[in-house]
Each structure stands twice: as C-alpha cells, then as structure tokens.
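A look at the structure
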Amino acid sequence: MALAATLLSAVPIGVCLLLAWAIRARGKVGLIAGYDGGLPPEREAELARDAAAVLVVAPAATSLLVADAWTGAVPRPGVVVTLAIVAAVGWFIWKWNAGERDLD
C-alpha cells in the first residue's frame, strides 16, 4: 500500500512544484488565479514569491502522507497535512486580500 500512496501522491506533488517553479522562476504570475495584472513590478515579484511558497508547502505537507505510508510514524497525518495547507493558504489570502488594505 505504501507504493500506491507514493505513486498517487507523486502527480499532485509534481504539479504543485512545477507551478511553483513557473510562477517564481519564470515570472508567470498570470498562472495565479484571480490576478488581473494591476500591481507594480516589485509587488508582482512579491506576489509570485508568496504564491510559490504556498505551492511548495502543499507538496511538503503531502509528503507527510507518503512518509506515514512507509513508516507509520506520523501521528494523524491527514489532520497535520490539512492544517499545514489551510494555514499556508489562509496566510496567503489574508496577506493579499485583507492584510494591507488602505482605509481612506
């Protein structure tokens, strides 16, 4: 069963890492859902960096499921993975939607 969990996890892990690379290294911020291109270049680079960080946290957390499948050493791996991904996505959404609002 550990081999099946590894193979099934490889595809989403690979896709997330590929998207992180494309957004961060290649500057493809158009891949970020909902981005309309209205930021100055320095803010756009920061957005790309933050989006890539979230896309690296997700496969890292998912890798815990693979580690648990092989070793059985991770207590409640589903809860840990879910909390890690929710925390990363929540931080990203808060930072870019609510964190820096100008209230005139």
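A word on the packing of helix H2 (residues 41–71) against helix H3 (residues 77–98)
- It is at 8 Å that the axes of H2 and H3 come closest, and there the two elements cross at 175°. As the angle between them shows, H2 and H3 are arranged roughly antiparallel.
- Per-class residue counts for the contact of H2 with H3 are 18 nonpolar, two polar and five charged.

Digging into the layout of surface pockets
- Estimated volume of the second largest pocket: approximately 160 Å³.
- Lining the second largest pocket, in full, are Ile23, Leu31, Ile32, Ala33, Ala51, Val54, Leu55, Val89, Phe92 and Ile93.
- At the level of secondary structure, the elements contributing two or more residues to the lining of the second largest pocket comprise H2 and H3.

Looking at unusual backbone geometry
- The residue arginine 76 is not glycine, and still its phi comes out positive at about 50°.
- Mapped onto the elements, arginine 76 comes out in the loop between H2 and H3.
- By relative accessible area, arginine 76 is classed as exposed at 68%.

Overview of the environment of aspartate 36
- Its place among the elements puts aspartate 36 in the loop between helix H1 (2–24) and H2.
- On the basis of relative accessible area, aspartate 36 is assigned to the exposed category, the value being 69%.
- Looking at aspartate 36, its side chain comes within polar contact range of the main-chain nitrogen of glycine 38, at 3.2 Å.

So, a nonpolar patch on the surface
- Together, Val11, Val15, Leu19 and Leu31 make up a nonpolar patch on the protein surface, roughly 330 Å² of accessible area in all.
- In this structure, leucine 19 sits in helix H1.
- The exposure class assigned to leucine 19 is partly exposed, which follows from its relative accessible area of 32%.

Rules of the game
- All residue numbers refer to positions counted from 1 along the written sequence of the respective chain.
- Per-residue local features are limited, in this predicted model, to residues with pLDDT of at least 70; the limit for side-chain atom pairs, both in listing and counting, is 80 or more; totals at the level of whole chains, interfaces and linings are taken over all residues.
- Side-chain numbers come from the whole structure's heavy atoms, not from hydrogens or water.
- Fitting a line to C-alpha atoms yields each axis, with helices limited to the stretch in contact; the angle taken between N-to-C directions then spans 0 to 180 degrees.
- Note on conventions: DSSP H or I runs of at least 4 residues are helices, E runs of at least 2 residues are strands, and numbering of each starts at the N terminus.
- In these notes the angle categories are as follows: under 35 degrees is roughly parallel, over 145 is roughly antiparallel, 65 to 115 is roughly perpendicular, and the rest is oblique.
- Charged residues are taken to be Asp, Glu, Lys and Arg, nonpolar residues to be Ala, Val, Leu, Ile, Met, Phe, Trp, Tyr, Cys and Pro, and polar residues to be all remaining types, Gly included.
- Cavities and pockets are defined on a 1 Å grid built over the protein atoms alone: a cavity is a set of grid points where a 1.4 Å probe fits but cannot escape, while a pocket is an open set with protein on both sides within 12 Å along at least five of seven lines, and lining residues are those with an atom within 4 Å of any such point.
- Grid points are joined across faces, edges and corners, and a volume is the space filled by probe spheres set on the points.
- Each residue is placed in one exposure class: buried if its accessible area under a 1.4 Å probe, protein chains only, is under 20% of its type's maximum, exposed if it is over 50%, and partly exposed if it falls in between.
- N or O atoms within 3.5 Å of each other form a polar contact, as long as, within protein, one can give a hydrogen and the other can take it, and as long as residues adjacent in sequence are counted only when both atoms are side-chain atoms.
- Only residues whose relative accessible area exceeds 30% and that form no salt bridge are eligible for patches; like-charged ones are grouped when within 9 Å, while nonpolar side chains (Val, Leu, Ile, Met, Phe, Trp, Tyr) are grouped when within 5 Å.
- We get accessible surface area from the Shrake-Rupley algorithm with a probe of 1.4 Å; when it comes to residues, only the shown protein chains can shield them.
- Just to be clear on terms, a salt bridge is a Lys or Arg side-chain nitrogen sitting within 4 Å of an Asp or Glu carboxyl oxygen.

Geometry only, nothing functional implied.
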